[in-house]
Each structure stands twice: as structure tokens, then as C-alpha cells.
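Analysis of the macromolecular model
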Amino acid sequence: MFTAVHRHVGRLSGDQPNIKDNDLKSILTNVYDVFIEYGVINHVLTSQDSLNAMKFFCKHMVNNHMQKKILRAQIIDHEMFTLIRNTILSIVEKNNQLTEQDWDPFHAMAVLLTSALSPVQFDDGRVNRLVIETFCSDAFFNAVKQCMENLSSTTEQTNPTKYRILSYVFRHIYAHSKTYRSRIRILFLDLAVRCVTSKHYVDQFEKNEEASKDFFLLDCPSFVLPNSIDRHSEIAKTLCPSLLQDYRTILAYRIQRKSTDSHKNVYLTFYLKLLNFCTAIESTRDMFVQYIPSIITQIFTVLKDYLVLESDKAITGIKDEQLVITILTLIYNLLPNSAINVAIKENAPMSVLVLLSGKEQLQMTNGNFERKKYVIPKAIQIEAQNLLPLLMEDVEQLERPEEITRASVTCLAKAVKSESHMCSGMHASSVLMNMNSKSKWIKCSFTNKYRYFVSAIVQNDQVKEQIVEQGALRLLSDCVCDPSIAIEEIRQPALGVIWTVSFNPRAACIWKTDQALIAQLFEIDRTNVNQPQSVANNILWQLVNEERFVATQSSIQRMLVLPNGRMQNSDDALWVNINTPGGEIVVFRENLTQEQKEMLKAEREQTASLPTNNIQLYEYDLMISYCHRNKDLCTVIYNCLSKMGKYRIWFDQEQMYGSTMDRMAEGIEKSHLFLVCMSSAYKNSNSCHKECEYADKRQHKVLFLKVEPNYTPNGWLGFYLGQQYYVDVTKPDFLTRFKDLIKQISMQRNETPDYSMLDKIVTADVQTAIANALQKKSEGKLGNSDTNLRHSVSTSTLSSVSSRSSLNFNDLAKTKIDDVSNNSKTTMRENMTSEKLAKYYPARYSYSNINDDQDSLNDIVVSISTPSMLSLSNEGDIVGLNDQVGGFKLDLLSAMMPQMNRDSIRVSDLSLNTERSSVNQDQSVKDWTRNDVLEFLQRINLMHVSVLSQDQAINGQRLLDFCESNLSPSLTIISTADYERLKYELHKLLSP
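Computed from a predicted structure; not experimentally measured.

Okay, the overall build of the chain next. Helix and strand counts for the chain stand at 49 helices and 23 strands. Within the chain, the fraction of its 992 residues that count as buried is 55%. For the chain, contacts bridging at least 24 residues in sequence account for 74% of all contacts bridging at least 6. Of the roughly 42,500 Å² that the chain leaves accessible, carbon and sulfur atoms contribute 48%.

Below, the structure written as C-alpha cells:
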């Protein structure tokens, strides 16, 4: 039979380029007749000789490039292919009876049929009939299913031929078929999952049988991962316990071998990809916690084993690029869990990650010891660059915020547009959670110590600004409003990011224009009404409800009632607030100079005409604003203040009900003083940020208290603190600190401090409770310098200074201009035109340039369409703060006029329009009267500038002349900060 077959197919070798369809059909007919004559039973080849002959025939057809010709109309229906199809089915149906001799004939026949098709032709019904009828028939599906069921059982014996056949079918046929993808998934997904969770999966890492290793460690995972989209949570919960249970065996075995064989590395890569698949679901991500820190340390050990390192100082090679990428992605996806986050930060080889994030390293050649540059693959750079910012202890020290934001935004855009909601192994929910992870103190089970956890890169104000600049506000809105994207796993973390980003004035202003987003937030808030605190409600407060609430409070004047029942009156107050060039100070009334008394009299005359028909009393003397991570310590302070018997205190554990944001604002409005308990947790809390921001907007009296050891306020909290005095209760001797707090409160209340009860209140038990609370927070906290870098005035000097005071006049003269200019809460307004709105917030976010096959996220530029949109009203103007926020110094004047020298700016240089005035729209600035100038100075809080306010001849023209001087005035006349402030306010007022 073999000789006869050889004789007929031999004609292909000589005539292959010019063979006609009829000639090929004749050859097929002759060969078919030979098979029928020698060994066909029920149209199936059964004898080993006939199978070997078929193998020879198929290989000869492929070697002579006949596989493309069999798709022709005259050839495709030849009965030879029916014989091949039936024979393939009969081989697979042998199941456990398969032998080594069955593999070669099956492989030859399968290659002949499948190699005729390109991947795109697998779903072309005109040409793929041979493949569909052979491998996608009900009978063949059932045969494969039987094989899979046996393999996933615990009694399965090694059968290399079965593994090879299944691997070929899944890898070369089912992986390409989109038409039958749904049916294939239904039939085989659960079976593939059972194979991965069976004991055979782990056993393969210690076996040398390549066929079984390929099937269990490569083909099953590669089938599970793309086919579990609709059942991600369910499949992850099934896989994760089994994968984690045996991680020691798998990782330890791989580390022991330290193989550089890339084919064997891929086994471990797919194991790590399965782990990565599980990390996208919060419940399965949490399963990793019981295995930390061991699993983290082993993963990092594997990472270093596949890098060629020179003492952690240089990378001279990468043994397996895909494995390194998978590890970096896995670590990224694990970070949203706070306990794992701490374990990663404590064990991460930061020097190695920094090297991986760079573009090139020096490599030593073995030949002549010359150094040449080793280029880190771009895909690895991107993963390392995404990971590094999340491992920083202080997000305010973030470097390259523009690049970091672009990488996160692009990754998110690619993830949400994909069917699996993943990008390079990173789920969209992980990207969002890593952008805005919740901050908390946690107790690490592996160290039995408390650590502070925060990975919220959007807490950085530069990142917020870049999100606006890069047009990502619309992308975040889509994650909440677009039905194709806004699944629960994505929508919830997206709301958290929007809540944090909305503290950027431009972002809040832009989102206010999106009625669809506002409506969706109201709906989410309505459906989550039973939850203790709705993020949607917080966002709505930021965008809509705050303005409404403030409108109800704007006409109310409040007065303080002292313990003796009399109202606080500035005419007989023991302490008096006096404005000076260096800021506000508090002095005893009996020590007032004649000049100061006259100044107070003038102020009373100016305020005498204010309406008094809506005066209300403060219901509370003090509101304590704190983060619940500091609850133990703040509760002790609250109890001590309560025992004084003279303070009514708003403490949210007693006062909160209904809408949290409404109650917060209500508490501030009804309280005479606002006490900020500063800590890293407070700074990283959006709710605390909102409280502080609201109190500042309402110009409330604020006292600051530091409740965390080794913490230096930074970011927005450092901005609000500025140069103000604070009480540090973390220092030894709480009695002294508490006494200082009582003194500061009394100064604000214009009364004599009463220390008579302090010894009875601050008992030994209280001191112990304070020490325990501080110890709890300090055990795991990384050390920051405990120096008050922002405060250049000694405690003794500040003892007579109000909590709202700035640097005194003498210190101001010694302070650098950059340091002072950032202390004033100056605002910048930017008209949001329709063009700007279309740029920053397009009607549709464009994903056209977010391609799946791009190598570098940094190379992607997101295109943004710009449809015409309505202009914002004047109320929609953006307000941005001029201060050092998040480590980013925004110099308003330099930003607006970078070509000018900030020390010698003239009003004429600012292109002022002197025909525009907010004091009197019909009157130009140069025509202002002295009263107009004083009203302007009072509105911008510069009445203390005596060179202007006390000048009886001051008018608009003199004010302009004063600001147009080429030389800055002497500091003995006006401080540099006030001078810049004056020029800026004029520019803001008069610029078109």
C-alpha cells in the first residue's frame, strides 16, 4: 500500500508549480482507491500500515505546497477529505487507548487541513469547511470533552499522545475560531479550569514529560484567561485557592532550577498570569493576604533571578522579558490591598525597579571588558514606571507627574475599551484603585506592627492638574455613565477618583457642566441611600450642593455666648485682634497703643452699617475635625476638653446624621472655632480635606493640633497650615500641651485662660491613654523629620499670635520671596470658554489612538475631538490656589508672564485695562476715590498696608503709580508678598 501511495503522489514533486486542478483531483482519487483497497473499515483507516501511508501522503502534500490548492471548488469536496475527517475522529475517540503511533498520522492530517488557512480565514465559511466539519462537529467536540474529563480526574494516567492531540486542537484550531468561540467556551472552559485546579497541574512542575507540561501549564491557562471574561469573578474564586495553596512548591522549584530555557520559563509565566487574573477581583485579591510576606519575597526573588545584575547597581541583561513584565504587572495589581501594599513596600527591591524604569544600562562584555549600553525593553520600562510611584511613602514627592498620569490614563483607556477590561494584564479597576487607594492604618500580621498605607497618586495636585490637561475627565465620567464600561467593579473606584480629582477647581468647574454625570450621581446616591457615606453624595456636594448650602448661610451672622452668659463684644473684650503689616496679632486691650485704638474705632465705624436682623448664636464653641484613624487620641482630647465644663463641642461620633457633607458644613457653621487634628491620615482623607477647605472658604477661625509623631504637614494640609502656630500633642508631657491648647482657645474667645482644673483632668490614666494611642500610630510609621520647617518663629514668640496670623513684620524681611509669596491664599480666575471646555472635556472621549499593539504607553497621544459647546457662565470661572501644594510651587505671576522678572513687574507690563473695575463698573481705576481704594484693599485683605490705607490722598491714580514703580518699595514700607499680591489683584481685576 505504501508503494502504491508513493507512486501516485510522486507526481507532485516534478509538476507541483504547474499542476492543474484535474491532475490534483486525479492523484487524490488514485490514492483514495489505494486506501479503499487495502484498509478501510466503515470509511475509516484502522490498520497501522494505512495510517503510516496516510501520514506519508499528507506530509508530501504539505511539502509540495498543495494545502492551498485543496480549498479550490473542484477539490474541497473530494471524498479523500471525508476519509481524513473520519480517521481523525476515530483517533481522538480512542481516548485512553491512544498510543505513540497515533500521534504522527493525526498530526500530519491535521496540518494538511489547518495549514491551508490563515488565522483570518478560520471564520470564512467558504474556505474553512474542511476544518469546521472535522474539528467542530458534535462528534469531535464530544470526543475532546471525554479526553478532558479524564485528564482532570485524579486517576488519569500519563498518555503523551492524548496531551499532544489536545494541545494541537486548542492551540492551532480552537484559539483561532471566532465563529465557534462561544460554543467552545461553554463546552471546555470548566474542564480547563478543573485541569488547572487538579493535582496534576502542580505535579507538572516536577515532571520531565513535555507533552503533559505543555497541556497543563500552557494550553489550559492560555484557554482559561481569554475565555473567562463573562465569568471572571466566578472563575477567579475557583482558581485562586488552588493556585495559592501550592505557590511555595511552584516558585521554590523554579528558583532552584534557575533555568534560562525560555520554553520552560513560559510555564512559570503562565502561572503568574493566572495569579494576575485573580488579582483583578477584590475578594480573590484578598486571599493573598494569608500568604504574605512569603509570597511577595519569593516573587521578587524570581524577578531578580531572571535579571542579569551587577550588585543591584546595573542590569546587564534580561533572561525572560515576558516573565519580568508579568511579575511587575502582578505586583501592580496586588497593591490596592492595604496589607499586601505594605508587604510589597517593605520587600520591594527599589534599586532594581528604578533600573528597570530607565532606558539603558551599562553592560560589561566578556571579550575585552568594554562597556556598552544595554537598553531596557520599552514594555518593561512602562510597567516599572507605573509601579514605582505607587511604592512611594509620600505621594507629594512624586517625580514626573505628567508621564505618570499619561501612563495611567492611557492604560485605563485601553482597559475600558477592551472586552476583558484589561490592558497588559492590568484590570481597569486595579488602575483606578491604584490611582485613588483608600488610606488607612493597618496592623501587619507578619510584623505585628502598624503601618500607614496610601497609594493614591491623584492625591498629588500635579496629577490632578494633568488629568485635566490630558482630557481624562471625560474618560473618568465614562467609567461612571457609559453602560458599556460602568460595571460595578469599575464604577465604584472611578467614583473615588472623581471625588479626589474634583478638589481641583478646574475639574470641578468642568464637571458641573455635565448634566448627564450629575443626573447619574443623583441616581447612584438615591440607590445607595442606606450606605453610611455615599461617594456620589460627596461628589454632588462638591459640584452642586455646597453652593446651595452656602447660599442659605450667607445672610446669617453668628455671635459667641461666653460661659457667664454675656455675648462676646469687641468693645470690652480682654483680647483684641490687630492687623499689622506682618499679619494679624492678638494683644491685651490694656496694652493697646493710641494708633491701634484709632484703627479699631475706624473698623467699627465701617461695620456699623452692616445688617443685624439675622444674628444667631453659635451652638458650639468648638468643632473637632479629625480622621478616624486617629480616633483614640482625639477622643481623649475631646474628653479632656469636655471635662473643662465650659465648652460645647461638636464631635462627629455624636453629631453626624443624614447627609455627611451637610452635617459637616452645619457643624462648621454652628461652631465658633474649628480644630484641625493634623496627621498623614487626615491629609490623605478627602472628607477631612473637604472640611478644611469649607472652613477656609467660610473664613472660619481655625486652630491646628498635630496628633501624629514624626509628621510634617504637606500638600493641601501644609498649604492651609502655612505659617500658623500649632499645638503638638505628640511631644512629651501632655499636660503642658493641653495647657497650650486651652491658651490658644481662650485667645480666640477673648477671655483669660483658666488652668485651675487641668491637674484633675489630665490624670495619670489620661497620660497613659495618650501614650498608648501615640505608640499605636508610631510603631510602623516610617520616620520623617520632626522639624517644623514651615515655622521660623519660636514657640515663645508665637504665644501671643493668633492662630490665623502670618509671619511677623521683622521675620518677613528676612524671608525669601518664594517662601512668602506662597503663603497668601491668592486665587486665580480663568475664563472657561467653549473652546477650552471642548479641549478639556470633549463630548466623546476618543480611543482612536489607543491601539492594542502599541509597545509604549508613553508613545500614545490621545486625540480629543472638540465639538462646539456652550460657554460657562461667570459663576463657572475656575479658582485655583496660589501656594505650594503637593510639592508643586505655582507662581502665578511667573506662570502668566514667564518672560518677566518677578521682582520688578510693573502694572503697565501686565497689560492692565484701566477702564474696568469691579468696584464701580462705570468708573475706571484711575478715577477711584479714596473710599474706592480702601474698599478694594479691604476686599483683598490688604488694609494693614499703612502706606496705602493711611495715605489721606490715596486714589486710583496714586495706586496705579505706586504699582508701576520700576523699583520694588522698601520692605519697611510694604512687604514683597503684599506688593506682589497687590499687583496681582489689580491684574486680575483689570485684565480683559
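Using the criterion set out here, one finds 27 aromatic pairs in the structure. Judged by centre distance (5.3 Å) and plane angle (85°), the rings of Tyr620 and Trp650 are edge-to-face. In this pair, Tyr620 sits in strand β15 (residues 620-625) while Trp650 sits in strand β16 (residues 649-651), placing the two residues 30 residues apart along the sequence. You can call Tyr620 buried: its relative accessible area is 15%. The buried category is assigned to Trp650, whose relative accessible area is 2%. When the centroid spacing of 5.1 Å and the interplanar angle of 55° are considered together, the rings of Phe719 and Tyr720 count as tilted. Here Phe719 falls in the buried class, since its relative accessible area comes to 2%. Taking relative accessible area as the criterion, Tyr720 reaches 5% and is therefore assigned buried. Arg474 extends its terminal NZ or CZ atom over the ring of Tyr841, reaching a point 3.9 Å from the ring centre. Positioned above the aromatic ring of Tyr755 is the side chain of Lys739, whose terminal nitrogen or guanidinium carbon lies 4.8 Å from the ring centre.

This next bit is on the pairing of strand β18 (residues 701-706). With respect to burial, β18 is a largely interior element, five of its six residues being buried. Bridge analysis of strand β17 (residues 671-678) against β18 gives six bridges, and the strand direction is parallel. Paired with Phe674 across the bridge in β18 is Val702. Note that β18 and strand β19 (residues 726-728) share three bridges and pair parallel. Within β19, the residue paired with Phe704 across the bridge is Tyr726.

Our next topic: the environment of Ala486. Tracing the sequence through the fold places Ala486 in the loop between α26 (473-481) and α27 (488-501). Those residues in contact with Ala486 that lie beyond four places of it in its chain are Asp478, Cys479, Val480, Cys481 and Arg491.

In space, the five strands of this open sheet follow the order β16-β15-β17-β18-β19, with parallel pairing throughout. Among the strands making up the open sheet, the edge pair consists of β16 and β19. Strand-to-strand twist across the sheet, computed as the mean angle between neighbouring axes with direction ignored, equals 25°. Each of β15, β16 and β17 touches helix α34 (residues 660-669); the most contacted strand, β17, lies at about 120° to it.

On to the pattern of salt bridges, then. This model, assessed by the stated rule, comprises 32 salt bridges. Across the pair Asp621 and Arg648 runs a salt bridge whose closest N-O atoms are separated by 3.0 Å. One end of the pair, Asp621, is in strand β15; the other, Arg648, is in the loop between α32 (631-643) and β16, with 27 residues separating them in the sequence. Taking the shortest distance from any N to any O, the salt bridge between Lys646 and Glu751 comes out at 3.2 Å. Here Lys646 is found in the loop between α32 and β16, whereas its partner Glu751 is found in the loop between α38 (734-749) and α39 (758-761), with 105 residues between them in sequence.

The next subject is helix α19 (residues 321-334). The terminal C-alpha atoms of α19 lie 20 Å apart, and with 14 residues this matches the ideal 20 Å at 1.5 Å per residue to within 8%. Burial of α19 is extensive: twelve of the 14 residues sit out of reach of the surface. Listed in full, the buried residues belonging to α19 are Leu323, Val324, Ile325, Thr326, Ile327, Leu328, Thr329, Leu330, Ile331, Tyr332, Asn333 and Leu334. Residue Asp320 occupies the N-cap position of α19, its side-chain oxygen lying 3.2 Å from the main-chain nitrogen of Gln322.

What follows deals with the side chain of His60. Residue position: His60 is located in helix α4 (residues 48-63). Here His60 falls in the buried class, since its relative accessible area comes to 16%.

Let's shift gears to the environment of Leu244. For Leu244, the position within the fold is in helix α14 (residues 232-245). Residue Leu244 is classed as buried on the basis of its relative accessible area, which comes to 1%. Distance in space between the C-alpha atoms of Leu244 and Ile295 is 8.8 Å, their sequence separation being 51 residues. When residues no more than four places from it in sequence are discounted, the contact partners of Leu244 are Leu275, Met287, Phe288, Tyr291 and Ile295.

Atomic detail in the predicted coordinates should be set aside for any region of low pLDDT. Residues of the chain with pLDDT of at least 70 account for 71%, and the chain-wide mean is 75. Below pLDDT 50 for its whole length, residues 362-369 participates in 19 contacts with residues either more than four positions away or in separate chains. Across residues 851-922, confidence stays below pLDDT 50; counting only partners more than four residues off in sequence or on other chains, it has 185 contacts.

Turning next to the packing of α26 against helix α29 (residues 515-527). Each pair of packed helices gets described by two things: the angle between the helix axes and the distance between those axes. As a packed pair, α26 and α29 sit with axes 10 Å apart at the nearest point and diverge in direction by 40°. Judged by the inter-axis angle, α26 sits oblique to α29. Like other packed secondary-structure pairs, α26 and α29 cross with a definite hand, here left-handed. For the pair formed by α26 and α29, the contact residues are Ser477, Val480 and Cys481 on the first element and Ala516, Leu517, Gln520 and Ile524 on the second. Residues belonging to the contact of α26 with α29 are distributed by class as follows: five nonpolar, two polar and no charged.

With that settled, consider unusual backbone geometry. In the segment running from Ile292 into Pro293, the intervening peptide bond is cis, with an omega of 5°. Here Asp733, not a glycine, exhibits a phi torsion of approximately 70°, which is positive. Topologically, Asp733 is positioned in the loop between β19 and α38. Taking relative accessible area as the criterion, Asp733 reaches 42% and is therefore assigned partly exposed. Positive phi is not limited to glycine here, since Asn750 has a value of about 55°. Here Asn750 lies in the loop between α38 and α39.

Here is what the cut-offs are and how they apply
- Residues numbered from 1 in each chain as written.
- Predicted model: local features only at pLDDT ≥ 70, side-chain atom pairs only at ≥ 80, totals over all residues.
- Heavy atoms only, no water.
- Helix = DSSP H or I, 4+ residues; strand = E, 2+ residues; numbered from the N terminus.
- Buried < 20%, exposed > 50% of the residue type's maximum accessible area, 1.4 Å probe, protein only.
- Contact = heavy atoms within 4.5 Å.
- Areas by Shrake-Rupley, 256 points an atom, 1.4 Å probe, with all protein chains shown as cover.
- Phe/Tyr/Trp six-rings, centres within 6.5 Å; stacked < 30°, edge-to-face > 60°.
- Lys NZ or Arg CZ within 6 Å of the ring centre and 35° of its normal.
- Pairing = 2+ DSSP bridges.
- Axes fitted to C-alpha atoms, helices over the stretch in contact; angles between N-to-C directions.
- Salt bridge = Lys/Arg side-chain N within 4 Å of Asp/Glu carboxyl O.
- Expected span 1.5 Å × (residues − 1).
- Polar contact = N/O pair within 3.5 Å; in protein donor to acceptor, adjacent residues only side chain to side chain.
- pLDDT = per-residue confidence, 0-100.
- Parallel < 35°, antiparallel > 145°, perpendicular 65-115°, else oblique.
- Left-handed = near helix turned anticlockwise from the far one by under 90°.
- Nonpolar A, V, L, I, M, F, W, Y, C, P; charged D, E, K, R; others polar.

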